[in-house]
Amino acid sequence: MSFCPSSHIHATPSTPPPNPQHDPCTQIALPSQLHDPESDQKPVPIDYSARSQWLRAAVLGANDGLVSVASLMIGVGAVNQTAKAMLVSGLAGLVAGACSMAIGEFVSVYAQYDIEVAQMERASLESSESRDKEKESLPSPVMAAGASALAFAVGALLPLLGGGFIRSWGVRVGVVCAVSSLGLAGFGVAGAVIGGANVSKSALRVLVGGWLAMALTYGVLRLFGLVFKMHVSST
């Protein structure tokens, strides 16, 4: 828009050019709409593949702990109905499994770490600064081992605390199965939500796999006890 007190302005060649700060006829252009640069930016989609490594370690560790200890307790309960035997077997499975998961994850991640570092050193075009930054981005074997052991222990505690202190054999086995089923379904749902997968399929897959493991362990140990005429005690 323009502001001009007079409709005619006469200027001679010797007249200096008008100063925009003092000229009443200065044209002022105002934008019709303010432009927000952030409005042009599209929302960044979630990269679920970047979560795959730690998600796999956490979900598999907890699922292994739950299935291993629950199957171990039920299998021992098939030949020995005492609460002490099932409790001790579950505790032994927790400690042994957590150590095994930690050592296995440490060796696996450290082997991957060595391969990545060797590849960086072979790339002669890269500067030392860029190699140091890439080394910092590599997974830590110690942290991976600790996370796997912790996840296994968390999963193993569910059946151990759920049914390890119940005196009645039937109720104890039933509680272990029920708690394990809830835990398996929960781990399946959590993994699907975090990874962006189908919730029902993931939960059903984990649940059926855990049931098969527990049923197979119970059946094999029960058959073993019958074949070798092992004494089944309920005291």
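Residues numbered from 1 in each chain as written. Predicted model: local features only at pLDDT ≥ 70, side-chain atom pairs only at ≥ 80, totals over all residues. Heavy atoms only, no water.

### Some points on the side chain of serine 202
Locating serine 202 in the fold gives a position in helix H6 (residues 199–227). The class for serine 202 is buried, based on a relative accessible area of 9%. Excluding residues within four positions of it along the chain, serine 202 makes contact with Gly188 and Ala192. (Helix = DSSP H or I, 4+ residues; strand = E, 2+ residues; numbered from the N terminus. Buried < 20%, exposed > 50% of the residue type's maximum accessible area, 1.4 Å probe, protein only. Contact = heavy atoms within 4.5 Å.)

### As for the packing of helix H2 (residues 83–122) against helix H4 (residues 141–163)
Remark: H2 packs on H4, axes separated minimally by 8 Å, with the N-to-C direction vectors making an angle of 160°. For the element pair H2 / H4, the angle class is roughly antiparallel. Every pair of crossing elements has a handedness; the one defined by H2 and H4 is right-handed. Looking at the contact of H2 with H4, its residues break down into 19 nonpolar, 4 polar and 1 charged. (Axes fitted to C-alpha atoms, helices over the stretch in contact; angles between N-to-C directions. Parallel < 35°, antiparallel > 145°, perpendicular 65-115°, else oblique. Left-handed = near helix turned anticlockwise from the far one by under 90°. Nonpolar A, V, L, I, M, F, W, Y, C, P; charged D, E, K, R; others polar.)

### Comments concerning the confidence of the model for the protein chain
Across the protein chain, pLDDT averages 79, with 70% of residues at or above 70. Contacts from residues 1–12, a stretch scored under 50 in pLDDT, to residues over four places away or in other chains number 14 contacts. (pLDDT = per-residue confidence, 0-100.)

### Brief notes about the nonpolar core
By size, the foremost hydrophobic cluster in this structure holds 18 residues, and its most contacted members are Val69, Met73, Leu94, Phe152, Ala156 and Val176. Ranked by the residues each element gives to this core, the list is headed by H4, at 6 residues. Non-local contacts of valine 69, meaning those with residues more than four positions away in its chain, are made with Gly90, Gly93, Leu94, Ala156 and Pro159. Ala62, Leu66, Leu184 and Leu207 belong to the second largest nonpolar core, which has 6 residues in total. (Core = buried A, V, L, I, M, F, W, Y, C linked by side-chain atoms within 4.5 Å.)

### Structural notes on the UniProt feature "transmembrane region" (unreviewed entry) in the protein chain
Cross-referencing UniProt, the feature "transmembrane region" (unreviewed entry) maps to residues 54–79, 91–113, 142–161, 173–194 and 206–228 in the present numbering. Between the C-alpha atoms that bound residues 142–161 the distance is 28 Å, and the span itself is 100% helix and 0% strand. For residues 173–194, the helix share is 100%, the strand share is 0%, and the end-to-end C-alpha distance is 32 Å. (UniProt positions renumbered as here; feature names shortened; annotations may be inferred.)

### Details of helix H5 (residues 169–195)
One turn of an α-helix holds 3.6 residues; hence residues three or four places apart share an orientation. Here H5 spans 39 Å end to end across 27 residues, near enough to the 39 Å set by a 1.5 Å rise per residue. Every buried residue of H5 is listed here: Arg172, Val173, Val176, Ser180, Ser181, Gly183, Leu184, Phe187, Gly188, Gly191 and Ala192. Directly beyond the C-terminal end of H5, a positive phi value near 75° is found at glycine 196. (Expected span 1.5 Å × (residues − 1).)

### Notes on the environment of valine 69
Note on placement: valine 69 falls in helix H1 (residues 52–79). Assessed through its relative accessible area of 1%, valine 69 is described here as buried.

### Re the packing of H4 against H5
Across the interface, H4 lies against H5 with an axial gap of 8 Å and an inter-helix angle of 155°. Classified by the angle between their axes, H4 and H5 sit roughly antiparallel to one another. As H4 runs across H5, the sense of the crossing is right-handed. For the pair H4 and H5, the contacting residues are Gly155, Leu158, Pro159, Gly162 and Gly163 in the first and Arg172, Val175, Val176, Val179, Ser180, Gly183 and Phe187 in the second.

### Focus: the packing of aromatic side chains
Inspection of every chain in the model, using the stated rule, returns 3 aromatic pairs. Aromatic side chains phenylalanine 106 and tyrosine 110 sit 5.3 Å apart centroid to centroid with 55° between the ring planes, which places their arrangement in the tilted category. On the criterion of helical spacing, the pair formed by phenylalanine 106 and tyrosine 110 is a turn pair, its members being 4 residues apart in helix H2. The partly exposed category is assigned to tyrosine 110, whose relative accessible area is 37%. An angle of 70° between the planes, with centres 5.9 Å apart, marks the rings of tyrosine 110 and tyrosine 113 as edge-to-face. Here the residue tyrosine 110 and the residue tyrosine 113 both occupy positions in helix H2, the gap between them amounting to 3 residues, near one helical turn. A relative accessible area of 27% means that tyrosine 113 is categorised as partly exposed. Feature note: the residues Phe106, Tyr110 and Tyr113 constitute an aromatic cluster, connected by ring pairs. (Phe/Tyr/Trp six-rings, centres within 6.5 Å; stacked < 30°, edge-to-face > 60°.)

### Focus: H4
Along its 23 residues, H4 runs 34 Å from first to last C-alpha, staying within 8% of the 33 Å computed at 1.5 Å per residue. At leucine 157, H4 shows its maximal kink, close to 30°; a proline, proline 159, follows between one and four residues later. (Bend = angle between axes of the 7 residues up to and from the residue.)

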